[in-house]
Amino acid sequence: MTAISKIEKSTALPIPTEFMIEGMTCVSCGARVERAIKAVPGVVGASVNLATERASVTFKDRTDAAAVLQAIEGAGYHARTETLEVLVDGMTCASCVSRVERALKALPGVVDASVNLATEKATVRYAAGAASIRALKDAIRAAGYQPKTESRAENANGDDRRDVEIHKLALRLGVSVILTLPLFLIEMGSHFIPGVHAFVMETFGMGGSLYLQFMMATVVLFGPGLVFFQKGLPNLLRLAPDMNSLVVLGTSAAWTYSVVATFAPAALPAGTVNVYYEAAAVIVTLILLGRYLEARAKGKTSQAIKRLLGLQAKTAFVERSGRFVETEIDDVVVGDVIRIRPGEKVPVDGTVVSGESYVDEAMITGEPLPRSKSIGSEVVGGTINKTGSFTFRATKVGADTVLAQIVRMVEAAQGSKLPIQALVDRVTRWFVPAVIVVALLTFGAWMILGPSPALSFALVNAVAVLIIACPCAMGLATPTSIMVGTGRGAELGILFRKGEALQSLREVRIVALDKTGTLTKGKPELTDFQVADGFLREDVLGWVASIEALSEHPIAEAIVKAADSEGLALADVKGFEASPGYGVKGSVAGRSLLVGADRALVREGISVEGFALVDEELSRKGRSPLYVAVDGRLAAIVAVSDPIKETTPGAIRALHAFGLEVAMITGDNRRTAEAVAAELGIDRVVAQVRPEGKVEAVKRLREHGKVAFVGDGINDAPALTEADVGLAVGTGTDVAVESADVVLMSGDLTAVVTAIGLSRATIRNIKQNLFWAFVYNAGLVPVAAGLLYPVNGTLLSPVFAAGAMAMSSVFVLANALRLRRTQP
């Protein structure tokens, strides 16, 4: 290095990192942000430009973009961030994941990076303007992997990339099997079958047999097995070994030793001239087999996304110049009128403008029964029309449709990491280097303490350690279960907006429920209508509905709706008069009617004692009765309430069966709330609370354990955010409930039970996978090292080690796929 270059290097200044900031309006804003950033540890300089809305930040040693963003937010402003998903080719194990994550997080401006081995994607969140896509991809390449930006079209075409990968693996595996099988038969058969040994000696001779084994093993290693060298050697040279590096070390050691034994046997100590060509070839073949089975199983884990994407119609019959023309789905715009015939898929979201039919919405709600659609009804893209024909006006197209939102939610959940993954990340970072150290110690111990021929024993056992401990299964244990679990949830109408909710939901001890729209149907209905002697129900209901039709009260709407459903015609009303707090009166069909609270009738001198027992029963149920007087006589008692959903009692019983405590938080009066709670067996009641009061109620409940809050996602948004897990009961069309962690598409409380059951099943599945990946692989390392040899003479062949390692990954994937059978 020249003197000039030394000076340049010593005086080079750190390159500032740029952050884009929103919300600054004056010089004092800029000064406030600047002070906040300068207070961040590690920041040596910060300059805020109000005109460009940028902050230029210089760090002393390591760039900490997350801390700067937090400081900006703390000062009351918003730092823009962007998120990019990049496909990463070449990752094979958990150590690969860890390496890519570290490379991305080390870039200036990167706030967070998460890499998923199952989906082979890196999700990077970075400060807008502080990092570039090119820099992110360069970092991935520098770590030894190949980045590729994924397009929606590519994803929609059935994941062609994975199909190509499976095809390549099948070819490599086929070639490897064709060459390894005769090699294995020649070597092992010669040892155990006298006839095979005689045949080999007579046909090839000892020297010819060794040369033939050398040729076949060499082709396997540097043909189908070349992929291990292409990825493993560079990482080994970077002092960042991965699974491929372990395979390279193990197979190369066996092959090299065998080559020396074949062509320069005098170089080896007496009694150690043995060949292990078959071990090297079989190891490559078995690992390729494991990867082939793994790739096929990975394809199955993403089938939920494929099915969702396959639900979208490719074309639509759109009205153009007075006639319906078949149009590509991408050409449909908001406002287009679309025709749907029996059996066709609804192409986009919209509102029915003519006709009526039944539509199968199972893909949204998870419920098999079709729903009736008529003028004004909302329809969702991807659902299937059953019987009738209708036209509808498009309201959401492209990325704004419910189906597109569902796909984005599922993809986001599948790509997320659970807190339980943190343990895996910590272990796998040091796992491969530790395995290499153990292999070296094994080799040394056998050389010093092992029986003759010590070199052969040392080589075989060191190779077995390297092969048995490959951490493929560890990297797949968590993400595959998340993928299958969240995918199965989507099929059941349960959308995990955040993957973390899968784990948090399992740890919940209290389920707090909003009453209106969650436990109940959310719309008042006529629940009780009992007439006095001398009156006909149809007559009185028709008269009451006629007079209530002139009122705007929700109770009046429920009575009119009940009369309409029974086919009762409304009559003209004369002398209509409303008395706030009492009721309404008027003349209907020549009769004088008074409808209202008991005090309204008592004021007119009409006794309500005739319905005293009925009144008592209604009060016990939390329902407020109305009375009807006809021509001065008590004629009927009426009750309108928000009825409990048919599935609610069963759902509450199921939550109790899970060992959970159930609470109800509602704005209703205490008497009504306690009546509903008593009917359903709810453990705790918090009544007469406003939306902001629900937040305090959730905080108080949290004193007894983690809380899940279930609400409709609108008035309950603050409580949904405050709870450990917020579950929004969707309506089937309002998917993007930003305040919730989980969206229940069906609007049915039983979906809460299914979500909790799925969460428990998924976490149990992850723990099974991790137990297998850690205990099985790590537990066999001492066996591979020969720890049992002094006890009972047991040694683990590298061939069996390779088979066991490959099967551990297949086991993890097969176990995760069991979640697809989860039933509601």
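Every chain is numbered on its own, with residues counted from 1 as its sequence reads. Local features in a predicted model are, by the rule used here, given only for residues with pLDDT of at least 70; side-chain atom pairs are given and counted only at 80 or more, and totals for whole chains, interfaces and linings are based on all residues. To obtain the side-chain values, all non-hydrogen atoms of the structure were used and water was disregarded.

Peer 1: So what's going on with the overall build of the chain? Which residues, and what values?
Peer 2: Helix and strand assignments come from DSSP, with helices taken as H or I runs of at least 4 residues and strands as E runs of at least 2, each series counted from the N terminus. Along the chain, the regular secondary structure elements total 31 helices and 30 strands. The buried share of the chain, taken over its 824 residues, is 52%. Here a residue-residue contact requires only that any non-hydrogen atoms of the pair lie within 4.5 Å. Here the analysis covers contacts within the chain between residues at least 6 apart in sequence; of these, 69% occur between residues at least 24 apart. All accessible-area figures derive from a Shrake-Rupley calculation using a 1.4 Å probe, and residue coverage is judged against the displayed protein chains alone. Carbon together with sulfur atoms contributes 58% to the accessible area of the chain, which is approximately 36500 Å² in total. Partly exposed describes any residue whose relative accessible area lies between the buried limit of under 20% and the exposed limit of over 50%, with all areas from a 1.4 Å probe on protein chains only and scaled to the type maximum.

Peer 1: Please give an account of the sheet that holds strand β25 (residues 633-641) that cites residues and values.
Peer 2: Only strands joined by at least two bridges in the DSSP assignment are considered to pair. Judged by pairing direction, the sheet is antiparallel, and its six strands sit side by side in the order β20-β25-β24-β23-β22-β21 without closing on themselves. Every interior strand has two partners, whereas the edge strands, β20 (525-531) and β21 (573-579), have only one. Strand-to-strand, the axes of this sheet are offset by a mean angle of 15°, without reference to chain direction. Where β21 meets strand β22 (residues 583-588), five bridges bridge the pair, whose relative direction is antiparallel. If you follow E577 over to β22, its bridge partner there is K585. In the packing of helix α24 (residues 612-620) onto the sheet, the strands contacted are β20, β24 (625-630) and β25, and the crossing angle to β25 comes to about 10°. To get an axis, a line is fitted to the C-alpha atoms, and for a helix only the part in contact is used. The angle between two axes follows their N-to-C directions and goes from 0 to 180 degrees.

Peer 1: So what's going on with the packing of aromatic side chains? Which residues, and what values?
Peer 2: Each Phe, Tyr or Trp ring (for Trp, its six-membered ring) is paired with any other whose centre lies within 6.5 Å, and the angle between the two planes then decides the class: stacked below 30 degrees, edge-to-face above 60, tilted in between. Following the criterion strictly, the structure yields eleven aromatic pairs and no others. On the numbers, 6.2 Å between centres and 65° between planes, the contact of F214 with Y277 is edge-to-face. Placement of F214 in helix α9 (residues 205-222) and of Y277 in helix α12 (residues 277-301) is noted, with a sequence separation of 63 residues between them. Taking relative accessible area as the criterion, Y277 reaches 0% and is therefore assigned buried. Relative to F229, the ring of F222 lies with its centre 5.1 Å away and its plane at 40°, an arrangement referred to as tilted. Joined through ring pairs, the aromatic side chains of Y211, F214, F222, F229, W255, F263 and Y277 make up one cluster. Cation over ring: R341 sits above F317, and NZ or CZ is 4.7 Å from the ring centre. Seen from the ring of Y582, R599 lies directly overhead, with NZ or CZ sitting 5.7 Å from the centre. Over a ring means this: the NZ of a Lys or the CZ of an Arg is within 6 Å of the ring centre and within 35 degrees of the ring normal.

Peer 1: Explain the sheet that holds strand β2 (residues 43-49) to me, and be specific about the residues and the numbers.
Peer 2: Sheet strands pair via backbone hydrogen bonds, and the direction of the pair is either parallel or antiparallel. The four strands are arranged β2-β3-β1-β4 in an open sheet whose pairing can be described as antiparallel. Pairing within the sheet leaves two strands with one partner each, and these edge strands are β2 and β4 (78-79). As paired strands, strand β1 (residues 17-22) and strand β3 (residues 54-59) are joined by four bridges and run antiparallel to one another. When the bridges of β3 are listed, E18 appears paired with S56. This element, helix α2 (residues 27-38), spans β1, β2 and β3 of the sheet and lies at about 165° to β2.

Peer 1: Any chance you could break down the side chain of S176 for me, citing the residues and the numbers?
Peer 2: One can find S176 in helix α7 (residues 160-192). We classify S176 as buried; its relative accessible area is 0%. Residues within four places of S176 in sequence aside, it is in contact with V220, P224, A281, V284, T285 and L288.

Peer 1: How would you sum up the UniProt feature "transmembrane region" (unreviewed entry) in the chain? Please name residues and give values.
Peer 2: The UniProt record annotates "transmembrane region" (unreviewed entry) at residues 169-190, 210-233, 245-268, 274-293, 430-449, 455-478, 770-789 and 795-817. What you have in residues 770-789 is 85% helix and 0% strand, and the ends, taken at the C-alpha atoms, are 28 Å apart. UniProt positions are given in the numbering used here, feature names are shortened, and annotations may be inferred rather than shown by experiment.

Peer 1: Could you give me a rundown of the confidence of the model for the chain, with the residues and numbers involved?
Peer 2: Confidence in the prediction for the chain averages 80 pLDDT; 86% of positions are at 70 or higher. Contacts for the low-pLDDT stretch residues 1-13, under 50 throughout, to residues beyond four places or in other chains number two contacts. When the criterion is pLDDT under 50, residues 732-736 qualifies, and its contacts beyond four places in sequence or with other chains add up to 17 contacts. pLDDT runs from 0 to 100 and stands for how confident the predictor is about each residue.

Peer 1: So what's going on with a negative patch on the surface? Residues and values would help.
Peer 2: To count toward a patch, a residue needs a relative accessible area over 30% and no salt bridge; like charges are then connected within 9 Å, while nonpolar side chains (Val, Leu, Ile, Met, Phe, Trp, Tyr) are connected within 5 Å. For this document, the term salt bridge refers to a Lys or Arg side-chain nitrogen within 4 Å of an Asp or Glu carboxyl oxygen. Charged-residue counts in this description rest on Lys and Arg as positive and Asp and Glu as negative, His and the chain ends being excluded. By convention, the point assigned to a charge is CZ for Arg, NZ for Lys, CD for Glu and CG for Asp. On the surface, E326, E328, D330 and D331 cluster together to form a negatively charged patch. Looking at the element boundaries, D330 is found in the loop between β10 (323-328) and β11 (337-340).

Peer 1: Can you break down the packing of helix α25 (residues 648-657) against helix α29 (residues 750-785) residue by residue, with the values?
Peer 2: Helix packing geometry: the angle between the two helix axes and the distance between the axes. Interaxial distance between α25 and α29 falls to 8 Å at its minimum, and their mutual angle equals 25°. Comparing their axes, α29 and α25 come out roughly parallel. Considering the relative orientation of α25 and α29, their crossing is left-handed. Of the residues in α29, those in contact with A651, A654 and L655 of α25 are T750, V752, V753 and I756. Here the residues of the contact of α25 with α29 sort into six nonpolar, one polar and no charged. Here the angle decides the label: under 35 degrees means roughly parallel, over 145 means roughly antiparallel, 65 to 115 means roughly perpendicular, and every other value means oblique. We call a crossing left-handed when the near helix sits turned anticlockwise from the far one by less than a right angle, and right-handed when that turn is clockwise. We call Asp, Glu, Lys and Arg charged. Ala, Val, Leu, Ile, Met, Phe, Trp, Tyr, Cys and Pro are nonpolar, and the rest, Gly among them, are polar.

Peer 1: Residue-level account of the pairing of strand β23 (residues 591-596), with values.
Peer 2: For a regular strand, the rule is simple: side chains alternate between the two faces of the sheet. Pairing of β22 with β23 involves six bridges; the strand directions are antiparallel. Note on β23: the bridge partner recorded for S587 is S592. Connecting β22 to the next strand, β23, in antiparallel fashion are two residues, including A589 with a positive phi near 55°. Sheet analysis places β23 next to β24, joined by four bridges and oriented antiparallel. If you follow L593 over to β24, its bridge partner there is V630.

Peer 1: Explain the environment of L441 to me, and be specific about the residues and the numbers.
Peer 2: Relative to the assigned elements, L441 resides in helix α16 (residues 421-449). Residues L441 and A785, 344 residues apart in the sequence, show an inter-C-alpha distance of 9.0 Å.

Peer 1: If you had to explain the environment of V783 to someone new, which residues and values would you point to?
Peer 2: With respect to the helices and strands, V783 occurs in helix α29. According to the relative accessible area criterion, V783 is buried, its value standing at 19%. Between the C-alpha atoms of V783 and A464, which are 319 residues apart in sequence, the distance is 9.1 Å. Discounting residues that sit within four places of it in the chain, V783 has contacts with L788 and L796.

Peer 1: Can you tell me about the pairing of strand β9 (residues 315-320), naming the residues and giving the values?
Peer 2: As judged from the six bridges shared by β9 and β10, these two strands associate in the antiparallel manner. Paired with R320 across the two strands is R323, which belongs to β10. Linking two consecutive strands that pair antiparallel, namely β9 and β10, is a turn of two residues; a positive phi of about 55° is found at S321 within it. Pairing of β9 with β11 involves two bridges; the strand directions are antiparallel. Counterpart to F317 in the pairing with β11 is R339.

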